[in-house]
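For reference, the chains in residue letters:
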Amino acid sequence: MGDYKKALALQDRLDSIMGYNAMSAMQRYRLNALMKNSKQAIYEVERYLEEDPDNMQFQVFRAQLYEETQQPPAKMAVAYEALLRFEPRNLMIMNNLAWALCMSGGDLERAEQLSRTTIMSAPTNPVYLDTYAWIMYQKRDYKSALFYIQRAMEHATPETKGEITTHYKAIVKKFR
């Protein structure tokens, strides 16, 4: 009924009687999310993943929370790497992992490989093309970066155009 603090207190009592499990972790995550306590919601998800790292639902919760709270790219890379184990052919997860690796200064070779897979599977997806272009830019392959960012611009949507244009301008500067 909206009394989330009281619900958490009841969950504490339940856990003392029945023990901590996936359901209590889920309740704790949800209640903290409803209270807009993202830090505690993340803690609850990470806490449960320590006990059950193979729980895909909690892996999804973690990635979503990290995205919502704009966690550092290195943390995002860990979250997406874990999700990719469950869905190794999921293009969105591959792209997000490639982006996180690129932005964190992580393994650019792996980022390129993942991103190449996405653009081969969806060659007109502007987000995937932009990611690949930006990885090439970070690798200082400006010619390839320009080629792919131009493809991204051709297929940009109103939702994607802003960031793609920012990357386009940065890449074009390398040719002036």
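To be clear, the structure that these remarks concern was listed above.
Residues numbered from 1 in each chain as written. Predicted model: local features only at pLDDT ≥ 70, side-chain atom pairs only at ≥ 80, totals over all residues. Heavy atoms only, no water.

Draft legend 1. Quick look at a nonpolar patch on the surface. Judged by side-chain polarity, Leu14, Ile17 and Met18 come together as a nonpolar surface patch covering roughly 360 Å² of accessible area. With respect to the helices, strands and loops of the structure, Ile17 is situated in helix H1 (residues 4-18). Given a relative accessible area of 69%, Ile17 falls into the exposed group. (Patch = residues over 30% accessible without salt bridge, like charges linked within 9 Å, V, L, I, M, F, W, Y side chains within 5 Å. Areas by Shrake-Rupley, 256 points an atom, 1.4 Å probe, with all protein chains shown as cover. Salt bridge = Lys/Arg side-chain N within 4 Å of Asp/Glu carboxyl O. Helix = DSSP H or I, 4+ residues; strand = E, 2+ residues; numbered from the N terminus. Buried < 20%, exposed > 50% of the residue type's maximum accessible area, 1.4 Å probe, protein only.)

Draft legend 2. Representation of the packing of helix H6 (residues 91-104) against helix H8 (residues 126-138) within the structure. At a minimum axis separation of 10 Å, H6 and H8 run at an interaxial angle of 25 degrees. It follows from the interaxial angle that H6 and H8 lie roughly parallel. Relative to H8, the crossing made by H6 is left-handed. Where H6 approaches H8, its residues Leu91, Met92, Asn95, Ala98, Trp99, Cys102 and Met103 are matched on the opposing element by Val127, Tyr128, Asp130, Thr131, Trp134, Ile135 and Gln138. When grouped by side-chain class, the residues that make up the contact of H6 with H8 number 10 nonpolar, 3 polar and 1 charged. (Axes fitted to C-alpha atoms, helices over the stretch in contact; angles between N-to-C directions. Parallel < 35°, antiparallel > 145°, perpendicular 65-115°, else oblique. Left-handed = near helix turned anticlockwise from the far one by under 90°. Contact = heavy atoms within 4.5 Å. Nonpolar A, V, L, I, M, F, W, Y, C, P; charged D, E, K, R; others polar.)

Draft legend 3. Just the packing of aromatic side chains, in detail. All told, the structure shown has 8 aromatic pairs when counted by the stated rule. Ring geometry for Tyr29 against Phe61: centres 4.4 Å apart, planes inclined by 20 degrees, an arrangement best described as stacked. Highlighted residues: Tyr29 in helix H2 (residues 22-34) and Phe61 in helix H4 (residues 56-68), separated in sequence by 32 residues. There is no split in this pair, since Tyr29 and Phe61 are both buried. Relative to Tyr148, the ring of Phe147 has its centre 4.9 Å away and its plane inclined at 85 degrees; by these criteria the two rings are edge-to-face. (Phe/Tyr/Trp six-rings, centres within 6.5 Å; stacked < 30°, edge-to-face > 60°.)

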